[in-house]
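Remarks on the overall topology
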Amino acid sequence: MNRTPASAADPVPAAAPELAADARVAADSVPDSDRDSAAERDEPVEPADAVADTADTDDDKADDPDDALPAPRRRRMPAWVELPLLVAVAMVVVLAVNSWVAQPFVIPSGSMENTLQVGDRVLVNKLAYRFGDIRRGDMIVFDGRGSFTPEDTDKPNPVTGALRKLGGVFGFTNPDDSDFVKRVIGIGGDVVKCCDAQGRVTVNGVPLDEGDYLHPGDKPSDFPFEAEVPKGKLWVMGDHRSNSADSRDHLGDPGGGMVPERRVIGRAQWIIWPFGRIQGADRPRTFEQSDFDRRG
């Protein structure tokens, strides 16, 4: 009788229980989809933590400023273009201020001495009467056409006028021949007269103490006068009475020596040149009297 060899008849020994359990746990820990993907790609499945770390590293690279593209540089304007442009803008600003806010004027004559001297530069406040009334005692710059000069006074040609305007912006040129600076003595409705028993100018019968501004040695007036100022007009006089052609000298003219308020350019408010004379042009105290508005 033939015998089968013992090696072929013996059953295959089973795996150890511990190893089988570990294998089952490892297999169960991998999702089916990952197992299938890994099988298809023939790649090992990476742990989820490793994938997250890789994504964080990519985000850090994207946020790194050293890796960002440099911002495009702006082309700077050439200096030969930039400088004239800045000068032009500055001139526009200066002209706007000159036309609407304040303007320097050169004093061409001695009619306001010693308050203003020949060659002084005064800054004229053009806003003073946009927000307030013209008051007695103010020094004003005005256009004298129709009152101190003929209405049809010739204006300079455009080129001369432009050059004078440009020079006037900085107070380098004399004002137009029709521009004057005087002190307001009477306003609309006032009666201005000279002289009383003491030789003084009176406004509505109230005498003025003009010692603060009248030129030394001058009389309030070398000749008598009396005038009633119409509404909307002004009676003006120079501080150097013996050297001033003012309202007194134009009484017989068509305007009667009265300056229309609409012709006032502004108030001469500051002396700005020369340096030794820089000061404000204050209103004299004699014009603060309250009796001017009482009619007797």
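Let me sum up the structure you'll find in this document. (Residues numbered from 1 in each chain as written. Predicted model: local features only at pLDDT ≥ 70, side-chain atom pairs only at ≥ 80, totals over all residues. Heavy atoms only, no water.)

1. A word on the overall build of the protein
A count of helical and extended segments in the protein gives six helices and twelve strands. Here the protein, with 296 residues, has 33% of them falling under the buried criterion. Per element, the accessible surface of the protein, about 19200 Å² overall, is 56% carbon and sulfur. (Helix = DSSP H or I, 4+ residues; strand = E, 2+ residues; numbered from the N terminus. Buried < 20%, exposed > 50% of the residue type's maximum accessible area, 1.4 Å probe, protein only. Areas by Shrake-Rupley, 256 points an atom, 1.4 Å probe, with all protein chains shown as cover.)

2. Here's the deal with the packing of aromatic side chains
Throughout the structure, instances matching the rule amount to six aromatic pairs. Arranged with centres 6.0 Å apart and planes meeting at 25°, the rings of Y213 and F287 form a pair that is stacked. Here F287 lies in the segment after β12 (279-280) and Y213 lies in the loop between β7 (206-207) and β8 (225-228), a separation of 74 residues in the sequence. Residue Y213 shares its accessibility class with F287, and that shared class is buried. Following the ring pairs from residue to residue traces out a cluster consisting of F142, F148 and F180. Sitting over the face of the ring of Y213, R183 holds its NZ or CZ atom 4.5 Å from the ring centroid. (Phe/Tyr/Trp six-rings, centres within 6.5 Å; stacked < 30°, edge-to-face > 60°. Lys NZ or Arg CZ within 6 Å of the ring centre and 35° of its normal.)

3. Re the side chain of R277
Relative to the helices and strands, R277 is located in the loop between β11 (264-273) and β12. When its relative accessible area of 18% is taken as the criterion, R277 is described as buried. Polar contacts involving the side chain of R277 include one to the main-chain carbonyl oxygen of T115, which spans 3.0 Å. A distance of 2.7 Å separates the side chain of R277 from the side chain of D120, its partner in a polar contact. Contact partners of R277, with chain neighbours within four places excluded, come to N114, T115, L116, Q117, D120 and I271. (Polar contact = N/O pair within 3.5 Å; in protein donor to acceptor, adjacent residues only side chain to side chain. Contact = heavy atoms within 4.5 Å.)

4. Some words on the sheet that holds β8
Ordered in space as β7-β6-β5-β8, the four strands form an open sheet in which the pairing is antiparallel. The sheet terminates laterally at β7 and β8, the two strands that pair on one side only. As paired strands, strand β5 (residues 191-194) and strand β6 (residues 201-203) are joined by three bridges and run antiparallel to one another. Its bridge partner lying in β6, V192 is registered against V203. (Pairing = 2+ DSSP bridges.)

5. A look at the pattern of salt bridges
Taken as a whole, this structure holds 15 salt bridges when the rule is applied. Between R283 and D138 there is a salt bridge whose closest N-O contact spans 2.7 Å. With R283 in the segment after β12 and D138 in the loop between β2 (121-125) and β3 (139-143), the pair connects residues that are 145 residues apart, well separated along the chain. The two residues R283 and D138 agree in class, both being buried. A salt bridge links R145 to D143; its shortest N-O distance comes to 2.6 Å. Note on D143: relative accessible area 9%, which makes it buried. Members of the salt-bridge network, linked through shared partners, are R135, D138, R267, R283 and E288. (Salt bridge = Lys/Arg side-chain N within 4 Å of Asp/Glu carboxyl O.)

6. Concerning the state of the cysteines
Put plainly, two cysteines are in a disulfide when a covalent bond ties their sulfur atoms together. Applying the stated rule across the entire model yields one disulfide. The disulfide that involves C194 links it to C195, with 1.9 Å between the sulfurs. Sign of the S-S torsion, about 70° for the bond between C194 and C195, identifies this disulfide as right-handed. The exposure class of C195 is partly exposed, given its relative accessible area of 33%. (Disulfide = S-S within 2.5 Å.)

7. Structural notes on the side chain of S221
With respect to the helices, strands and loops of the structure, S221 is situated in the loop between β7 and β8. Polar side-chain contacts of S221 include one of 3.2 Å to the side chain of R248. Discounting chain neighbours no more than four positions away, the residues touching S221 are C194, C195 and R248.

8. Points about the pairing of β5
Taking every second residue as pointing to the same face, the buried face of β5 carries V192 and C194, while none of V191 and K193 on the other face is buried. The pairing of β5 with β8 spans four bridges and is classified as antiparallel. Looking at the pairing, C194 lines up with F225 of β8. What sits between the antiparallel neighbours β5 and β6 is a turn of six residues, in which G199 has the positive phi angle 75°.

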